Amino acid sequence: MLGSDSLLGNKLAPMASNTTQTSRADETGSHWEALVDYSASLDCIRCGLCLRTCPTYTLTGRESSSPRGRIHLMRAVGEGRLEPDAVFAEEMNFCLGCRNCESVCPAGVEFGQMMNHTRAGLEMSNTRSPKGRFLRWLGLRVLLPNRRALGLAAILARLGAQTGLMKLVTPLLGSTLPPAEDLPLVPSRKQRRPLAARTEAIGEQQEEVILLEGCLMPVYLGRVNRASVRVLSATGVAVLAPSKAGCCGAMHAHNGDSEGARKLALGLMAVYGSPTDSSGAPLPIVVNSAGCGSHMKEYAELFEPGSSDHAAATAFAKRVVDWNEYLEPRLHRLPASPPKDAIHKVLGRGDATWDAPCHLCHGQGIREEPLAILDAALEKAGIHRVPLHESESCCGSAGSYSLTHRGAANELLEGKLDNLEASGASLLVTSNPGCQLQWELGVRRRKLDVRVAHIAEVVAATLPS
Ligand code: SF4
Ligand code: SF4
């Protein structure tokens, strides 16, 4: 059990010793409430069960970089025993937001929400440099909400890095951009084409859904969206993809931009609010990105309880369903597969393995459905699934983490690649765009003969052409 602040490391600055919790609360009013969710921090019973599951604790061995340590810091700030200075902010931002700690916590601590709260509070205190504020504005407010701008920026970044031009602007950007070979390839314009506004069901239509097209997915992984639609359509589901729908705001919420997150959530709720089925009920919203789905299921957390937006977000969240969750009960509707050889041309013949995205297993508690789907698809191809050691631990992608904390992200990825090599698999399957791009980077770097695929691409490979 943690009993002393000394365990948290000596870089953190305690408050002046004569400052009491009561007097400081009186002095500062709501400022500290904005910074930490103090009552939620009291849920932690300091058992320490989360420590060994926490990637940043495993990397550093530091209590302050563990879930228990971070909660202790939040509590200390809330009680006026610790100055929420740059070191405190650094420790909060060092967290991946992977929520692995939530999966093992016996007290039900909602760590992800606590961290979102604290990051939003830190952003309000506006401690970033002008350059940091500009980059943040550019990424969160200009690029992510605008698919065209994001696509253009991705192409320019890759070209700039390849030609060396990026070195000219690097002093302006700081060390934000990784080296050229680490940037994901931007596929052709054809690959980046948007989804059809409506894709009809194959055969008799049994249901109708909306699919979240996303922000990064159409730029880098349009093929995953198309595979997701193709599979749904093959099960008798018509799929809508309204062109006005954009970013869900997950990256904003996880990076403390709660105003931006609210704006994007309201925008998506408005676009997805109207389509209904024949009985007048709103359509389910299927999400093939674990990070987005996890966030959209928690939209209500963005709004004041009791407000009309909170009520609307609560109703909206009930419609959100992960692609795996939606498909698994409908697997029996998939048509007969082509011969194995045809599937092997896409997936290869070697063993496959599953890496669970954090926001699927820890964020949404979805574990069995993707395995059932994957096993059914692999069986059709005569491909074996082999286990991946620590398949529920973070690959280091974690939204923008691989840009902001490149060293730690790379270390985590290296560990995952070791596990992949030990598994002997030549097909790595995941269900989140950030994880998929991170794995592709790792496989490219190590020159491994491994295909990386979204689970929808694996199932699509088993459909007749
Ligand atoms: S969210 Fe992940 S990185 Fe952050 S404290 Fe929890 S386990 Fe550690
Ligand atoms: S497992 Fe939960 S209760 Fe135990 S130390 Fe970690 S956060 Fe606190």
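Residues numbered from 1 in each chain as written. Chains lettered and ligands numbered in written order. Predicted model: local features only at pLDDT ≥ 70, side-chain atom pairs only at ≥ 80, totals over all residues. Heavy atoms only, no water.

A look at the pattern of salt bridges
Reasoning step 1: This model, assessed by the stated rule, comprises 23 salt bridges.
Reasoning step 2: Where E421 meets R446, a salt bridge forms, and the shortest distance between an N and an O atom there is 2.7 Å. Note that E421 is positioned in helix α23 (residues 406-423) and R446 in helix α24 (residues 433-446), a separation of 25 residues in sequence.
Reasoning step 3: Under the relative-accessibility criterion, R446 is labelled partly exposed at 24%.
Reasoning step 4: Linked by salt bridges that have partners in common, E414, D418, E421 and R446 make up one network. (Salt bridge = Lys/Arg side-chain N within 4 Å of Asp/Glu carboxyl O. Helix = DSSP H or I, 4+ residues; strand = E, 2+ residues; numbered from the N terminus. Buried < 20%, exposed > 50% of the residue type's maximum accessible area, 1.4 Å probe, protein only.)

Quick look at the site of ligand 2
Reasoning step 1: Close to ligand 2 lie C44, I45, R46, C47, G48, C50, R68, I71, C105, P106 and A107.
Reasoning step 2: Here the residues of the shell around ligand 2 sort into eight nonpolar, one polar and two charged. (Near = heavy atom within 4 Å. Nonpolar A, V, L, I, M, F, W, Y, C, P; charged D, E, K, R; others polar.)

Quick look at the site of ligand 1
Reasoning step 1: Of all residues adjacent to ligand 1, which total 13 residues, the nearest are C54, C95, C98, R99 and C101.
Reasoning step 2: For ligand 1, the cavity whose grid points lie within 2 Å of the majority of its atoms is the second largest cavity.
Reasoning step 3: Secondary structure elements with two or more residues in the shell around ligand 1: α4 (55-60), α5 (67-78) and α7 (100-104).
Reasoning step 4: For the shell around ligand 1, the class distribution of residues is eight nonpolar, three polar and two charged. (1 Å grid on protein atoms, 1.4 Å probe; cavity = no way out; pocket = protein on both sides within 12 Å on 5 of 7 lines; lining within 4 Å. Sits in = over half its atoms within 2 Å of the grid points.)

What to know about the sheet that holds strand β6 (residues 352-354)
Two modes of strand pairing occur in sheets, parallel and antiparallel, and in both the strands are linked by backbone hydrogen bonds.
Reasoning step 1: Here we have three strands laid out as an open sheet, ordered β6-β7-β8, and parallel in their pairing. Edge positions in the sheet fall to β6 and β8 (451-454), since each has one partner strand and no second. For this sheet, the mean inter-axis angle between neighbouring strands, taken without regard to orientation, is 25°.
Reasoning step 2: Relative to strand β7 (residues 427-430), β6 is paired through three bridges, and the arrangement is parallel. Looking across to β7, one finds that W354 is bridged to V429. (Pairing = 2+ DSSP bridges. Axes fitted to C-alpha atoms, helices over the stretch in contact; angles between N-to-C directions.)

Topic: the layout of surface pockets
Reasoning step 1: When its volume is computed, the second largest pocket comes out at roughly 380 Å³.
Reasoning step 2: Every residue lining the second largest pocket is listed: R147, R148, G151, L152, I155, R189, R192, R193, P194, P218, V219 and S243.
Reasoning step 3: Mapped onto the lining of the second largest pocket, the elements with two or more residues apiece are α10 (147-163) and α12 (216-220).
Reasoning step 4: The dominant element in the lining of the second largest pocket, judged by the number of residues it contributes, is α10, at five residues.
Reasoning step 5: Grouping the amino acids of the lining of the second largest pocket by side-chain chemistry returns five nonpolar, two polar and five charged. (Points joined across faces, edges and corners; volume = space filled by probe spheres on them.)

Looking at the confidence of the model for the protein
Reasoning step 1: On average, residues of the protein score 89 in pLDDT, and 89% of them are at 70 or above.
Reasoning step 2: For the stretch residues 1-7, pLDDT sits under 50, and the model shows 13 contacts to residues farther than four places along the chain or on other chains.
Reasoning step 3: Overall, residues 16-30 carries pLDDT values under 50, and its contacts beyond four positions in sequence, including any with other chains, amount to 13 contacts. (pLDDT = per-residue confidence, 0-100. Contact = heavy atoms within 4.5 Å.)

Description of empty space enclosed by the protein
In this approach a probe as big as a water molecule rolls over the atoms, and the regions it shows empty are the leftover space.
Reasoning step 1: Counted by the stated rule, this structure contains three cavities of 30 Å³ or more.
Reasoning step 2: As for the largest cavity, its lining consists of 18 residues, and the residues nearest its centre are C44, C50, I71, C105 and V109.
Reasoning step 3: Elements represented by at least two residues in the lining of the largest cavity include exactly α5 and α7.
Reasoning step 4: Here the residues of the lining of the largest cavity are counted per class, giving 14 nonpolar, one polar and three charged.
Reasoning step 5: Size it by volume and the second largest cavity reaches roughly 60 Å³.
Reasoning step 6: Along the walls of the second largest cavity sit C54, P55, T56, P67, R70, C95, L96, G97, C98, R99, C101 and F111, which together make up its complete lining.
Reasoning step 7: Looking at side-chain class alone, the lining of the second largest cavity contains eight nonpolar, two polar and two charged residues.

A few points about helix α13 (residues 222-234)
Reasoning step 1: With 13 residues, α13 extends 18 Å from end C-alpha to end C-alpha; this agrees with the ideal 18 Å at 1.5 Å per step.
Reasoning step 2: Counting buried positions along α13 yields 10 of 13 residues, so the element is predominantly enclosed.
Reasoning step 3: For α13, the set of buried residues is G222, V224, N225, A227, S228, V229, V231, L232, S233 and A234.
Reasoning step 4: Looking one or two residues past α13, G236 carries a phi angle of roughly 85°, positive in sign. (Expected span 1.5 Å × (residues − 1).)

What to know about the environment of A107
Reasoning step 1: Here A107 is to be found in the loop between α7 and α8 (111-124).
Reasoning step 2: Classification of A107 by relative accessible area gives partly exposed; the value is 33%.
Reasoning step 3: The residues touching A107, leaving out its near neighbours within four places in the chain, are D43 and I45.

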